[in-house]
Amino acid sequence: MDEPNDLIRPDGPTADAETKWTRDAVAVYGLEQPVRCPHCRRQVHELHVVRLYRARVDFVSSLPRSGRLLVCPACRTPIPGELGAVF
């Protein structure tokens, strides 16, 4: 599968806690209270937000074209959560 060169990729097949990003997070959200990352067990005071975008689909899709993913700033592991808007 051909992939755009600007996708965020880890450096090497086994990169884990030392994953390097080619771009910065879309946003950084501070937390009211610190939490502990379920993966690296470090105390987290903020979460990074990474943008998801649909790079390819082989059918007509009703799925969203983009989204957001919350990640631990220390180990870059996805963290369960949601971003909501108040109107």
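Heads up: these notes are all about the structure in this document. (Residues numbered from 1 in each chain as written. Predicted model: local features only at pLDDT ≥ 70, side-chain atom pairs only at ≥ 80, totals over all residues. Heavy atoms only, no water.)

A closer look at the nonpolar core
Cys37, Val44, Leu47, Val49, Leu70, Cys72, Cys75 and Ile79 together form the largest nonpolar core, which totals eight residues. It is strand β2 (residues 43-53) that provides the largest number of residues to this core, a total of three residues. Non-local contacts of Leu47, meaning those with residues more than four positions away in its chain, are made with Ala27, Val28, Tyr29, Leu31, Leu70, Val71, Pro73 and Ile79. (Core = buried A, V, L, I, M, F, W, Y, C linked by side-chain atoms within 4.5 Å. Buried < 20%, exposed > 50% of the residue type's maximum accessible area, 1.4 Å probe, protein only. Helix = DSSP H or I, 4+ residues; strand = E, 2+ residues; numbered from the N terminus. Contact = heavy atoms within 4.5 Å.)

Observations regarding the sheet that holds β2
Strand order in this open sheet of three strands is β1-β2-β3, and the pairing throughout is antiparallel. Edge positions in the sheet fall to β1 (27-36) and β3 (66-71), since each has one partner strand and no second. Each strand axis lies, on average, 30° off the axis of its neighbour in the sheet, ignoring direction. (Pairing = 2+ DSSP bridges. Axes fitted to C-alpha atoms, helices over the stretch in contact; angles between N-to-C directions.)

Some details on the environment of Pro34
Positionally, Pro34 belongs in strand β1. Residue Pro34 is classed as partly exposed on the basis of its relative accessible area of 38%. With residues near it in sequence (within four places) discarded, Pro34 still touches Gln43, Val44 and His45.

Examining the environment of Cys37
With respect to the secondary-structure elements, Cys37 resides in the loop between β1 and β2. Relative accessible area serves as the criterion here: at 1%, Cys37 is assigned to the buried category. Along the sequence, Cys37 and Arg76 sit 39 residues apart, while their C-alpha atoms lie 10.0 Å from each other. Other than its neighbours up to four places away in sequence, Cys37 contacts Arg42, Val44, Cys72, Cys75 and Ile79.

Observations concerning the pairing of β2
Where β1 and β2 come together, six bridges link them in antiparallel fashion. The residue of β2 that forms the bridge with Val28 is His48. Between β1 and β2, which pair antiparallel in sequence order, lie six residues; one of them, Arg41, sits at a positive phi of approximately 70°. Of the strand pairs in this sheet, β2 and β3 are connected by six bridges, and their pairing is antiparallel. Residue pairing across strands places Leu52 opposite Gly67, the latter belonging to β3.

Comments concerning unusual backbone geometry
Positive phi, normally seen in glycine, also occurs at Arg41, with a value near 70°. Mapped onto the secondary structure, Arg41 falls in the loop between β1 and β2.

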